[in-house]
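Architecture and fold: a report
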Protein chains: 2
Amino acid sequence: MKFSTKDRYALRLMVELANRGPEETLSLKSVSDSQGISQKYLEQIVTPLSRAGLVSSSRGSQGGYRLTRPASGITAGDILRAIEGDLVPIPCLASQAEVCPRRSQCHTIGFWDGLRQVIDQYVDGITLEQLCSMKAEDLPLPDLE
Amino acid sequence: MKFSTKDRYALRLMVELANRGPEETLSLKSVSDSQGISQKYLEQIVTPLSRAGLVSSSRGSQGGYRLTRPASGITAGDILRAIEGDLVPIPCLASQAEVCPRRSQCHTIGFWDGLRQVIDQYVDGITLEQLCSMKAEDLPLPDLE
DNA sequence: CCCTTTCCTGCAATTTCGGTTGGAATGCTG
DNA sequence: CAGCATTCCAACCGAAATTGCAGGAAAGGG
């Protein structure tokens, strides 16, 4: 149960974009330099973010990417779902999953669906704006202990 | 971000064992028959559960596995951690991870650690006993919405 | 002694991960 | 218009993990 590097890099990429505001474009080259991620790999990561409508692009010299809306209107869930597709812990729960033949007597599907809900609730409750203001020191957490 | 089949099968295996109580032993052969999982694969799954002290075994004819303690004293988290080792969403948060060089200026580590806590809290809050009494129909959830 | 079962090791096919490579299209700028 | 920076597109690729299966050895009950 791990999130991929694409998930992690996507968050870091979006934080960089958010730091520039939605007007200024930022090239992958500069993100590559500041974050230490190869430009070519970033291309793969930004593509689904673009298709999901979270960022827009301009080509050519002085081109780059920018947020399509303020960072306060984008959640971590938006970003992760753009990369992962469905954010489900097991294939059974995917939106286009075939119906499991032992579904009716399954004792664990409820557990997994509960986990999905807990994860959804968490990632949708944290905005890109909040991410930007987080430092490593102050560990986060809405209101858990 | 998916949990492996071993994680899922481990839960189902443990539910089967719990249904027999901690006295009666149950062979992998019978679990294989009722759950439709190959006996050989189950062997791989039960081994870490045994090493983690969640089940004990007896060899030979009439042998099998049984819980080492009541199902009310075993959580889903216990089972998943036995299979997965650390239950962390990204390698950075593993207990024996090397320190990330960009840790101090990282804006996302807090997010991931929060996710880890949310997951931990959920899986540790559901006991094997609760799993046994779950049906597919009644979706779970302690008190979320 | 035979049968059942756990235990242990090794192998193998497939998929996923984590990228790299190569180039085409587009648009600014001198 | 030439050149350069950038996004876009599509393959490819090695390594690792996933998802098992096979073949036994060891132990215990009947």
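1. Some points on the protein's contact with DNA strand D
DNA strand D sits among 22 residues. The nearest are Ser57(A), Ser38(B), Lys40(B), Gln44(B) and Arg59(B). Near the protein, within 4 Å, the atoms of DNA strand D are sugar or phosphate in 61% of cases. Between DNA strand D and the protein, one listed contact pairs a phosphate oxygen with a side-chain N or O atom of Tyr65(A) at 2.6 Å. Tyr9(B) is positioned such that a nitrogen or oxygen atom in its side chain is 3.4 Å from a phosphate oxygen of DNA strand D. Among the secondary structure elements, those contributing two or more residues to the surface near DNA strand D are α3 (39-51), β1 (55-58) and β2 (64-67) of chain A together with α1 (5-20) and α3 (39-51) of chain B.

2. A short note on the packing of aromatic side chains
Across all of its chains, the model carries eight aromatic pairs over all chains by this definition. The interplanar angle of 90° and the centroid separation of 6.0 Å between the aromatic rings of Tyr9(A) and Tyr41(A) together place this pair among those described as edge-to-face. Of the two residues, Tyr9(A) sits in helix α1 (residues 5-20) while Tyr41(A) sits in helix α3, which places them 32 residues apart along the sequence. On the basis of an interplanar angle of 70° and a centroid distance of 5.0 Å, the ring pair of Phe111(B) and Trp112(B) is categorised as edge-to-face. According to the relative accessible area criterion, Phe111(B) is buried, its value standing at 0%. Site record: aromatic cluster; members linked through ring pairs are Phe3(A), Tyr122(A), Phe111(B) and Trp112(B).

3. A few points about the pairing of β2(A)
Residues and elements named next belong to chain A. Examined bridge by bridge, β1 and β2 share four bridges and lie antiparallel to one another. Considered in β2, the bridge of Ser-58 is made with Gly-64. The antiparallel pairing of β1 with β2 creates a hairpin that spans five residues between the two strands, and Gly-60 there sits at a positive phi of about 80°.

How each quantity is defined
Residues numbered from 1 in each chain as written. Chains lettered and ligands numbered in written order. Predicted model: local features only at pLDDT ≥ 70, side-chain atom pairs only at ≥ 80, totals over all residues. Heavy atoms only, no water. Near = heavy atom within 4 Å. Polar contact = N/O pair within 3.5 Å; in protein donor to acceptor, adjacent residues only side chain to side chain. Helix = DSSP H or I, 4+ residues; strand = E, 2+ residues; numbered from the N terminus. Phe/Tyr/Trp six-rings, centres within 6.5 Å; stacked < 30°, edge-to-face > 60°. Buried < 20%, exposed > 50% of the residue type's maximum accessible area, 1.4 Å probe, protein only. Pairing = 2+ DSSP bridges.

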